Amino acid sequence: MNVTFIKNIFSSQKVVVRIAPSPTGLLHLGTARTALFNYLYAKKHNGVFVLRIEDTDKERSTLEYEKDILEGLSWLGITHDTFFKQSERMHVYTDHLKRLIDSGKAYVSKEESTQNPGMFIEVVRLKNKGEVVTFTDEIRGEITFDTTSLGDFVIARSITDPLYHLAVVIDDHEMGITHVIRGEDHISNTPRQILIQRAFGMSEPKYAHIPLILASDRSKMSKRKGSTSITEYRENGYIPEAMLNYMAFLGWNPGTEKEVYTLKELIHDFSLDQVQKGGAVFDILKLNWFNAEHSKKILDSKIQLEVLEKIFPKNKNELAVMTEEVLRKMYDVVIERTGTKDIPTYRSIPESEFNYFFADPQIETKISWKEEGSETTKKNLTVAIEKLRVLSEYEFTKEAVKEALWSYAEEVGKGSLLWPIRVALSGKEKSPDPFTLAELLGKDETLKRIEHAQKNL
Ligand code: GLU
């Protein structure tokens, strides 16, 4: 699309923002978070969100990375209003460069290449008067730089090969970008870009530099310290609703207790005023919690089945024959578990942890409560069987099961009754409570398992 055309359409818009990823790697968590902040800001102000692929570095940019970035953003639901690719706009940069040179603001300089000593190249340098540049950052307030030390810095490798700073400035201007919202690591780039704007006589956009995402030890987030690729999170079973919600909280918070947000609610509540200055520490457990919270809201049985198939790849056949109702109950139990401390991703749930869903439980722990003897346990299980037998199989809910057992549990001691039932149903030292398990297994299976355990005592 023609930029002038775009500019005309959008000139009436108060807010035009952009995400400008370089396709030199997979879609990074930090880029996705910056994209989200820009998107939220645009939507909140009825503005325009531009996606611009900054692929002027031909050696490091690849189409695979570009694809990953586009797919990742679209999976997250961060949709752009318009799209540009810098490699398709090279003539625009060359035209601008020529103008700058003609006006005496930049010059061609013949220099020995640092990469290939002995070879001479013609770079383009900006004439830098060494002004003091001050800009007001929407998040950090006034920032001042003395640009003397930058010297006449290089803005293009040749008249047809612009460097990042030049292309960014030209594009931001041509696309009518009103707010540059980007990572704090770009603060030091801003004075150079302002000098280039001044050389062209272009107006300055507003700047908002958002805090970096830090690893738990407050060092820069890197692959070694946790996953930084959105695709990897996606493959590990995280859902976009949770990623969006968590990313929004990486550097922003609404100033209230509310944490679980839909995208629509984020748009409503987001503001740059509430963006913090300090680094945003990444906490995988918090992300897991968000993931569990959002996953609980998924009611579509097809998606629930897909999630369960991902977690239990070896039990696809068993899952295929389960009723929607059983799947839903199983989903709830498993999702609850993924939100707890020791489960880093869906995939790290140990295979054996829920094996009692699919087969008779193997009793892996002592069935009797504490020091109690098997006679007591046997008697308690017998009573439990009697009490559960009279319940209707159609109303075999956790509430009904609890009500049927509760007064007897209080009479003999809760552990004395509920521990053996739970172990009879799951075989495990740790598992969901017996009421939840009974509801999940249904009346017949629950009674079968308790009877089996009772006989084997
Ligand atoms: N292309 C730059 C990057 O990927 C971003 C440029 C900007 O936001 O100004 O880091």
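Residues numbered from 1 in each chain as written. Predicted model: local features only at pLDDT ≥ 70, side-chain atom pairs only at ≥ 80, totals over all residues. Heavy atoms only, no water.

### Looking at the sheet that holds strand 5 (residues 120-126)
Taken together, the four strands give an open sheet; going across it, the order is 4-5-8-9, and neighbouring strands pair in antiparallel fashion. Each edge of the open sheet carries a strand with a single partner, namely strand 4 (106-112) and strand 9 (161-162). One ladder, built from two bridges, connects strand 5 with strand 8 (residues 154-158); its direction is antiparallel. Bridged to Val124 within strand 8 is Ala156. (Pairing = 2+ DSSP bridges. Helix = DSSP H or I, 4+ residues; strand = E, 2+ residues; numbered from the N terminus.)

### Remarks on the sheet that holds strand 1 (residues 16-19)
Strands sit in the order 1-2-3 across an open sheet of three strands; the sheet is parallel. Each end of this open sheet is capped by a strand with a single partner; those strands are strand 1 and strand 3 (82-85). On average, each strand axis in the sheet is inclined to that of its neighbour by 25°, with strand direction left out of account. With four bridges joining them, strand 1 and strand 2 (residues 48-53) adopt parallel strand pairing. Looking at the pairing, Val17 lines up with Phe49 of strand 2. (Axes fitted to C-alpha atoms, helices over the stretch in contact; angles between N-to-C directions.)

### Topic: the layout of surface pockets
Of the voids in this model, the largest pocket is the one considered here, and its volume is about 1200 Å³. Forming the walls of the largest pocket are 44 residues, and the residues nearest its centre are Ser22, His28, Thr31, Asp185 and His186. With five residues, helix 2 (residues 29-44) is the largest single contributor of residues to the lining of the largest pocket. (1 Å grid on protein atoms, 1.4 Å probe; cavity = no way out; pocket = protein on both sides within 12 Å on 5 of 7 lines; lining within 4 Å. Points joined across faces, edges and corners; volume = space filled by probe spheres on them.)

### Digging into the site of the ligand
Close to the ligand lie Arg18, Ala20, Pro21, Ser22, Glu54, Tyr164, Arg182 and His186. Tyr164 has a polar side-chain atom sitting 3.1 Å from an oxygen atom of the ligand. Burial of the ligand by the surrounding chains reaches 80%, relative to a free accessible area of 300 Å². A molecule is said to occupy a pocket when more than half its atoms come within 2 Å of that pocket's grid points, and by this definition the ligand occupies the largest pocket. (Near = heavy atom within 4 Å. Polar contact = N/O pair within 3.5 Å; in protein donor to acceptor, adjacent residues only side chain to side chain. Areas by Shrake-Rupley, 256 points an atom, 1.4 Å probe, with all protein chains shown as cover. Sits in = over half its atoms within 2 Å of the grid points.)

### Here we look at empty space enclosed by the protein
Scanning the entire structure with this criterion turns up one cavity of 30 Å³ or more. In this structure, the largest cavity occupies an estimated 30 Å³ of space. Residue lining of the largest cavity: Tyr238, Asn288, Asn291, Thr338, Ile343, Pro344, Thr345 and Tyr346, and that is the complete set. Class assignment of the residues belonging to the lining of the largest cavity gives a composition of four nonpolar, four polar and no charged. (Nonpolar A, V, L, I, M, F, W, Y, C, P; charged D, E, K, R; others polar.)

### Observations concerning the pairing of strand 7 (residues 141-146)
Pairing between strand 6 (residues 132-137) and strand 7: six bridges, direction antiparallel. If you follow Val133 over to strand 7, its bridge partner there is Phe145. As consecutive antiparallel partners, strand 6 and strand 7 are separated by three residues.

### Structural notes on the packing of aromatic side chains
The final tally for this structure, using the stated rule, is 22 aromatic pairs. Aromatic side chains Phe135 and Tyr207 sit 5.5 Å apart centroid to centroid with 65° between the ring planes, which places their arrangement in the edge-to-face category. Highlighted residues: Phe135 in strand 6 and Tyr207 in strand 11 (residues 206-210), separated in sequence by 72 residues. Here Phe135 falls in the buried class, since its relative accessible area comes to 2%. With a centroid separation of 5.9 Å and an interplanar angle of 50°, the aromatic rings of Trp369 and Trp419 are classed as tilted. Remark: Trp419 occurs in helix 16 (residues 414-426) and Trp369 occurs in the loop between helix 13 (324-338) and helix 14 (374-389); sequence separation between them is 50 residues. Aromatic rings pair up to connect Phe37, Tyr233, Tyr238, Tyr246, Phe249, Trp252, Tyr261, Phe270, Phe282, Trp289 and Phe290 into one cluster. The ring of Tyr261 is capped by Lys258, whose NZ or CZ atom sits 4.7 Å from the centre of that ring. Directly above the aromatic system of Trp289 lies the positively charged group of Lys286, at a separation of 4.7 Å from the ring centroid. (Phe/Tyr/Trp six-rings, centres within 6.5 Å; stacked < 30°, edge-to-face > 60°. Buried < 20%, exposed > 50% of the residue type's maximum accessible area, 1.4 Å probe, protein only. Lys NZ or Arg CZ within 6 Å of the ring centre and 35° of its normal.)

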